[in-house]
Amino acid sequence: MKPAPFTHHRPETVTEVLELLAELEDAELLAGNQSLGIVMANRLATPDHLVDLNGVDELVGIEETDDGFQIGAMTTHRTLERSERLAERLPMLPEAAEQIAGPSVRNQGTIGGSIGEADPAGNYPTALLALEGSLTLRSLEERRTVPVSDYFIAYMFTDLREEELVESVTVPTDPVPPERTGMAFLELKPAAQTWPTVSAATVVRVDDPAADEPVVEEARVALANASDVPLRVEDAESILEGEPLSEESLEEVATTVTDAVDPEGEMHADREYKEEVAGEYARRSLETSYERACN
Ligand SMILES: Cc1cc2nc3c(=O)[nH]c(=O)nc-3n(C[C@H](O)[C@H](O)[C@H](O)COP(=O)(O)OP(=O)(O)OC[C@H]3O[C@@H](n4cnc5c(N)ncnc54)[C@H](O)[C@@H]3O)c2cc1C
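Thresholds applied
Residues numbered from 1 in each chain as written. Predicted model: local features only at pLDDT ≥ 70, side-chain atom pairs only at ≥ 80, totals over all residues. Heavy atoms only, no water. Helix = DSSP H or I, 4+ residues; strand = E, 2+ residues; numbered from the N terminus. Rg over C-alpha atoms; globule rule 2.2 N^0.38 Å. Buried < 20%, exposed > 50% of the residue type's maximum accessible area, 1.4 Å probe, protein only. Contact = heavy atoms within 4.5 Å. Areas by Shrake-Rupley, 256 points an atom, 1.4 Å probe, with all protein chains shown as cover. Lys, Arg positive; Asp, Glu negative; His and termini not counted. Charge placed at Lys NZ, Arg CZ, Asp CG, Glu CD. Domains from an automatic or database assignment. Buried area = accessible area lost by both parts, 1.4 Å probe. Salt bridge = Lys/Arg side-chain N within 4 Å of Asp/Glu carboxyl O. Phe/Tyr/Trp six-rings, centres within 6.5 Å; stacked < 30°, edge-to-face > 60°. UniProt positions renumbered as here; feature names shortened; annotations may be inferred. Pairing = 2+ DSSP bridges. Axes fitted to C-alpha atoms, helices over the stretch in contact; angles between N-to-C directions. Near = heavy atom within 4 Å.

Turning next to the overall build of the protein chain. Across its full length, the protein chain holds 12 helices and 14 strands. Here the C-alpha atoms of the protein chain give a radius of gyration of 19 Å, agreeing with the 19 Å that 2.2 N^0.38 yields for 295 residues. For the protein chain, the C-alpha atoms occupy an extent of roughly 65 × 45 × 30 Å along the three principal directions. With 295 residues in all, the protein chain has 53% of them scored as buried. Sequence-distant contacts, at least 24 apart, represent 64% of the contacts inside the protein chain between residues at least 6 apart. In the form shown here, the protein chain has an accessible surface area of approximately 13,800 Å², with 45% of it arising from carbon and sulfur atoms. Computing the positive centroid from 22 side-chain charges and the negative centroid from 61, the protein chain places the two 5 Å apart.

Following this line, the structure appears as structure tokens:
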């Protein structure tokens, strides 16, 4: 099937984008077209207007600030995957990016498109939840900052208003000093080009990596495709904090995560299987994060 007819607009600045969003009825933003094209070809979306962001250079790029990173919405998965500075300071983001589909999707797909799409299986929404990131949302009238933890409200439904776009993503680095923090993004995939069954994004900060048994100062656990929104499991985090990582505490975490998630069953992974995978992948991801924090 082909998409229903639409008018294509190609603005060159964010202001022009926002003017179009304010003035047009039934307009949809177009980023890397790796998801929207499929939805439109199946006529599950039939917008009258497409506002194409590919000519808006100010939405592209990774900027390092004193206390974090600001990533423009039109930055591609490939750029995130290959960023050396992110690999040094926030390695979860390149690790999440490199596991998305194949090179053609990663060359075109963008972080803003992934957040705009808001699929609970998406890599960045869950990675950004674990990294305690925030989003800059912009309309003609207002620029507002929303924590990722408040943005995803229900299945593919977010705090984004019709006349807004996601302008950028901000991730703080102060709470995650690289010399004593480890992070990991671990996903179970049935095949390379498919979406994950479940993914686990974790962060572990220890007190002293040189100690015999480094104590976990802070742990963060977030899951993708395990609920109708990206899910953070704080009950699992508090089990680990204040002690060195142990088999017993990891076992308790796995049980807590399995109990906390609320996944939809799929053709190749029923609900019970996904619950178990969520617990097991949280455990494995935390083990890796702890090892990385200690080395
Ligand atoms: C075969 C395949 C496998 C995939 N596997 C994975 C995977 O494992 N993990 C994963 O995370 N993703 C996966 N994806 C999705 C991929 O990451 C997409 O690129 C991404 O989800 C959408 O990004 P895009 O730039 O292509 O956006 P588009 O398809 O252009 O747009 C998607 C939606 O976001 C909206 N949007 C775009 N930009 C903005 C913005 N700046 N502000 C607000 N709304 C905006 C659009 O209006 C549209 O509704 C896969 C895709 C394919 C085709």
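Text resumes after the structure shown.
Accessible area lost upon the coming together of the parts is a frequently used measure of interface size. For the protein chain, the domain assignment lists domain 1 (7–52), domain 2 (57–172) and domain 3 (178–294). The C-alpha centroid of domain 2 is placed 19 Å from the C-alpha centroid of domain 1. Taken together, the contact pairs 14 residues of domain 1 with 19 residues of domain 2. Of the roughly 1,200 Å² buried at the junction of domain 1 and domain 2 (both faces included), carbon and sulfur atoms supply 70%. When residues of domain 1 are sorted by the area they lose upon contact with domain 2, Val14, Leu18 and Gln34 head the list and together hold 45% of the total. Our count for the domain 1 to domain 2 interface comes out at zero salt bridges.

Let us now look at the packing of aromatic side chains. Here the structure, examined in full by the defined rule, presents one aromatic pair. When the centroid spacing of 4.8 Å and the interplanar angle of 90° are considered together, the rings of Tyr151 and Phe152 count as edge-to-face. In this structure, Tyr151 and Phe152 share a single accessibility class: buried.

The positions that UniProt labels "domain: FAD-binding PCMH-type" (unreviewed entry) are, in the present scheme, residues 1–176. Between the end C-alpha atoms of residues 1–176 there is a gap of 48 Å, over a span that is 34% helix and 24% strand.

Take the sheet that holds strand β10 (residues 165–172) next. With respect to topology, five strands assemble into an open sheet ordered β4-β5-β10-β6-β7, the strand pairing being antiparallel. The sheet is open, and its two edges are formed by β4 (62–65) and β7 (143–147), each paired on a single side. Going from strand to strand, the sheet's axes swing by 25° on average, the running direction of each strand aside. Taken together, the five bridges between strand β6 (residues 134–138) and β10 define a ladder with antiparallel strand orientation.

Of all residues adjacent to the ligand, which total 33 residues, the nearest are Glu28, Leu29, Leu36, Thr110 and Glu117. In isolation the ligand exposes 970 Å². Once the protein is present, 92% of that is buried. Looking at the shell around the ligand, the elements with two or more residues in it are β2 (27–30), α2 (36–41), α7 (111–117) and β10. No other element matches α7, which puts five residues into the shell around the ligand.

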